Amino acid sequence: MRRWNGWGDDAVDVALGEPALAFLRGRIGAGTPPRDAAFEASCAALPPGRLPAHRLADAGAQARLTHATGQSLPDWLRLRHGRIDAAPDAVAFPESADDVRELLRWARTIDAAVVPYGGGTSVAGHLDAVGARPTLCVDMARMRALVAIDPEAQLAVFEAGVAGPDLEAQLRAHGYTLGHFPQSFDYSTLGGWIVTRSSGQQSLRYGRIEQLFAGGRVETPAGPLVIPTFPASAAGPDLRELVLGSEGRLGILTEAAVRITRLPPFEAFHAVFFPDWACAERAVRTIVQARLGLSLLRLSNAGETATMLTLAGHGRQVALLEAWLKLRGAGAGKCMLLVGASGEKAQARAALKAALALARRDGGVHAGRALGDAWRRNRFRNVYLRNSAWAHGYAIDTVETALDWPRVTPAMHAIEQAAHDALARDGERAHAYTHLSHLYPQGASVYSTFIWRLAGDYDADLARWRMLKTAVCDAIVAGGGTISHQHGVGRDHAPWLAHEKGELGMAALRALFTHFDPDGRMNPGKLVTP
C-alpha cells in the first residue's frame, strides 16, 4: 500500500545500517527520532469540504488527505506533524476526456479552483490548495490506457494518467520502450512528466520529455487544445511548448502522443573512478562532446561517492575496492562516473569502449559492471532512504539546476557552501553532496542533496528548510543556473523564476494562462504567482 506520509510502498524499506548512521553522526551529529501524527487523527482534523456532491467526486477525509500534498520537504513536515492547513474539498476520478470536461464545467459553475493530480510525486509544491476558493483535485489515475500504437511511425498514444511501470509494460508487450526513467518512475505519470518538463535517467539516448512528447489533447476552461503530431514543422511557434512545463495552469492534459523506440537488445552500465573532480569533469565533458551514442553519464563528486559507498553497506567489499582504487591513483578525493549504453550490441559496446578510452586519458580507472548493475537494480529504491533517514531524525532534500560548462563547477561549490552556511546560522551542520545527473555537449545538470538534523518541531523545521532552500536557490541564480532542470517550478521555486524569464517573459506567461483560463482557477499559485 502507498505510504500516506512518506515515499512509496509501505512494504519497501531501505534501511540505514549502523555504518551509515555512524557516518551521519560523525558529520552532522546524532538525530532524534521524531513522533509522527497518526493517519486517523490527521483525517479527523480536516475541516469539512465545501463542495456539493458530484458523481465523480469523493469528499471523504481519506481521499482529501492523501491528495493534499506531494513529496516536498514542506509537504512531509505538514503530514508528519499533522499540520494540514489546506486540503482539496473533494477529489474527482475521471475516466475519460468527457469526464474531465464535465468537471471543468462543474468547477466553473461552483467557482472552484482545480488542481490536476498525477502520481503525487512533486517535490516542488505543485499540488497544494491555494487561495480562498474551494478546491477540486482531479486525480487522473483511472485514465491510463494505451489508446493506439503505430509501429511504422514509432508513435504511441496514451491517456495522460498512466504511471511509468504501466506505460512501459504496455509498450514492452509490443517490443517498444519510451525510455523515460526519472527516479520517481514507479509512481509519476506521463501527464506529470510533460507538464513539468521531466528528464529521465537515460535521456542521453532517448531524450528529455520535450523530445518524446509529440502531440496530444488538453482540456482547458476555454475549450480543448488539440496538438497534432508531425516529425517536424516550421508552421510558426510550436504549440507543444505551451503544454510542456505548464504545470496545470492551462488545463488538464488528457491524452499524449509520444515517440517510442524499439527495445534495446543490449544494455550495460559500467563504473569508472577518477582521482579528483577536475579530472572527472574534464573527462565527462570530452566524452559527451564526442557524441558517442551512450544512454547514461552520471558523475558523482567526492562527497557523493564517499556517501554512496558508505550507504551501500558491504563494508568489506567496499574496503577492498577502495584499496584497489588507491593503488591506481583514485584515493580519498575519488569521483565515480557511471557510463551506460543501450541499443544494438555492436554499437553499444563500441560506444562503451570509446568512452572508457577517453576516460583513461584523464586518469579514469575502469571498475567493471558490478557497481553499474547495482545502480540499475536500485535506481528507483534509493529515494526510500528519505523514509529511513526521517525515522532516525534526519531530513533529506535536493535542489537541481543546469548550467553551461564554465559555470558547472563554481555553481556546485557555491550551492554546497550555501547549504553549510545557512544551517550554520541555526547552529547546525549540513552534509551536502552533488552529482551531474544529465550531461550535454554545452553543459550539465547539477543535482545536490542535503542531509541535516530535524529539530522535531514543525515551525522550527519549516524555518530551517526555508533558510536552506532560500540560500541554495539564491546561489543557483547567482551562478547563472536555471531554477529547475527537471523538477519544475511549483510554489517552491516560483520566487526565482523571474530571474531567468525577465519581466516581459513573465507577463507573456500570465497572458497565456489567462487566455486559456480566464477565471484563474487552474492550479492557482503555481509556476506564475499573481
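Residues numbered from 1 in each chain as written. Predicted model: local features only at pLDDT ≥ 70, side-chain atom pairs only at ≥ 80, totals over all residues. Heavy atoms only, no water.

Undergrad: Just checking my understanding: could you explain the overall build of the protein chain for this structure?
TA: Secondary structure assignment for the protein chain yields 19 helices and 18 strands. By principal-axis analysis of the C-alpha atoms, the protein chain measures approximately 70 × 55 × 45 Å. Across the 530 residues in the protein chain, those meeting the buried criterion constitute 56%. Within the protein chain, contacts between residues separated by at least 24 positions form 76% of all contacts whose residues are at least 6 apart in sequence. Accessible surface computed for the protein chain: about 21,600 Å², of which carbon and sulfur atoms make up 53%. Of the charged side chains in the protein chain, 57 are positive and 53 negative; the average position of the first set lies 6 Å away from that of the second. (Helix = DSSP H or I, 4+ residues; strand = E, 2+ residues; numbered from the N terminus. Buried < 20%, exposed > 50% of the residue type's maximum accessible area, 1.4 Å probe, protein only. Contact = heavy atoms within 4.5 Å. Areas by Shrake-Rupley, 256 points an atom, 1.4 Å probe, with all protein chains shown as cover. Lys, Arg positive; Asp, Glu negative; His and termini not counted. Charge placed at Lys NZ, Arg CZ, Asp CG, Glu CD.)

Undergrad: Can you walk me through the sheet that holds strand 5 (residues 146-150) in this structure?
TA: Within a sheet, neighbouring strands are paired by backbone hydrogen bonds and run either parallel or antiparallel to one another. The strand order across the open sheet built from five strands is 5-6-10-8-9, with neighbouring strands paired in antiparallel fashion. Sheet topology places strand 5 and strand 9 (223-227) at the edges, where each strand pairs with a single neighbour. On average, each strand axis in the sheet is inclined to that of its neighbour by 10 degrees, with strand direction left out of account. Note: strand 8 (residues 213-220) against strand 9, five bridges, orientation antiparallel. Looking at strand 9, one finds that Glu219 is bridged to Pro224. Strand contacts of helix 6 (residues 164-172): strand 5 and strand 6 (155-159), with the helix running at about 140 degrees to strand 6, the strand carrying the most contacts. (Pairing = 2+ DSSP bridges. Axes fitted to C-alpha atoms, helices over the stretch in contact; angles between N-to-C directions.)

Undergrad: What is the right way to read the pairing of strand 14 (residues 335-343) from this model?
TA: In regular strands, side chains alternate between the two faces of the sheet. A large share of strand 14 lies buried, amounting to nine of its nine residues. With burial as the criterion, each face of strand 14 is covered, one bearing Cys335, Leu337, Val339, Ala341 and Gly343 and the other bearing Met336, Leu338, Gly340 and Ser342. As paired strands, strand 12 (residues 266-274) and strand 14 are joined by nine bridges and run antiparallel to one another. The residue of strand 14 that forms the bridge with Ala271 is Leu338. With four bridges connecting them, strand 13 (residues 296-300) and strand 14 associate as antiparallel partners. Paired with Leu299 across the two strands is Leu337, which belongs to strand 14.

Undergrad: Got a minute to help me understand the nonpolar core in this structure?
TA: A general feature of soluble globular proteins is that nonpolar side chains tend to end up buried together. Counting residues in hydrophobic clusters, the biggest one holds 115 residues, and the most contacted among them are Leu190, Ile194, Val243, Leu294, Leu337, Leu436 and Phe450. With near-sequence residues (within four places) excluded, Leu294 lies in contact with Leu204, Arg205, Ile287, Val339, Gly340, Ala341, Ala351, Leu352 and Ala355. Of all hydrophobic cores here, the second largest spans 17 residues; its members include Leu51, Ala90, Ala107 and Met143. (Core = buried A, V, L, I, M, F, W, Y, C linked by side-chain atoms within 4.5 Å.)

Undergrad: Is there a simple way to explain the state of the cysteines in this structure?
TA: Here a disulfide denotes a covalent bond joining the sulfur atom of one cysteine to the sulfur atom of another. A complete count under the given rule lists zero disulfides for this structure. Not part of a disulfide, Cys43 finds its nearest cysteine sulfur in Cys137, a span of 15 Å. No disulfide involves Cys335; its nearest neighbouring cysteine sulfur is the one of Cys279, lying 9.0 Å away. (Disulfide = S-S within 2.5 Å.)

Undergrad: Is there a simple way to think about helix 13 (residues 315-327) in this case?
TA: Within an α-helix, residues lying three or four positions from one another point in the same direction, as the helix has 3.6 residues per turn. Between the first and last C-alpha of helix 13 there are 19 Å, a value that for 13 residues agrees with the 18 Å anticipated at 1.5 Å per step. For helix 13, every residue scored as buried is listed here: Val318, Leu321 and Leu325. Take helix 13 and look down its axis: the buried residues cluster within an arc of 60 degrees, on one side only. The exposed set on the far side of helix 13, more than 90 degrees from its buried face, consists of Gly315, Arg316, Leu320, Lys326 and Leu327. Close packing links the buried residues of helix 13 with strand 12, helix 12 (302-311), strand 15 (365-366) and helix 15 (370-378). A positive phi of about 95 degrees marks Gly329, the residue just after helix 13. (Expected span 1.5 Å × (residues − 1). Arc of directions from axis to C-beta.)

Undergrad: Help me out: how do you make sense of the packing of helix 4 (residues 73-80) against helix 18 (residues 458-478) in this one?
TA: A pair of packed helices is captured by two measures, namely the crossing angle of their axes and the spacing between those axes. The contact between helix 4 and helix 18 brings their axes to 10 Å, and the two run at 180 degrees. With respect to helix 18, the element helix 4 is oriented roughly antiparallel. Of the residues in helix 18, those in contact with Leu73, Pro74, Leu77 and Arg78 of helix 4 are Tyr458, Asp461, Leu462 and Trp465. (Parallel < 35°, antiparallel > 145°, perpendicular 65-115°, else oblique.)

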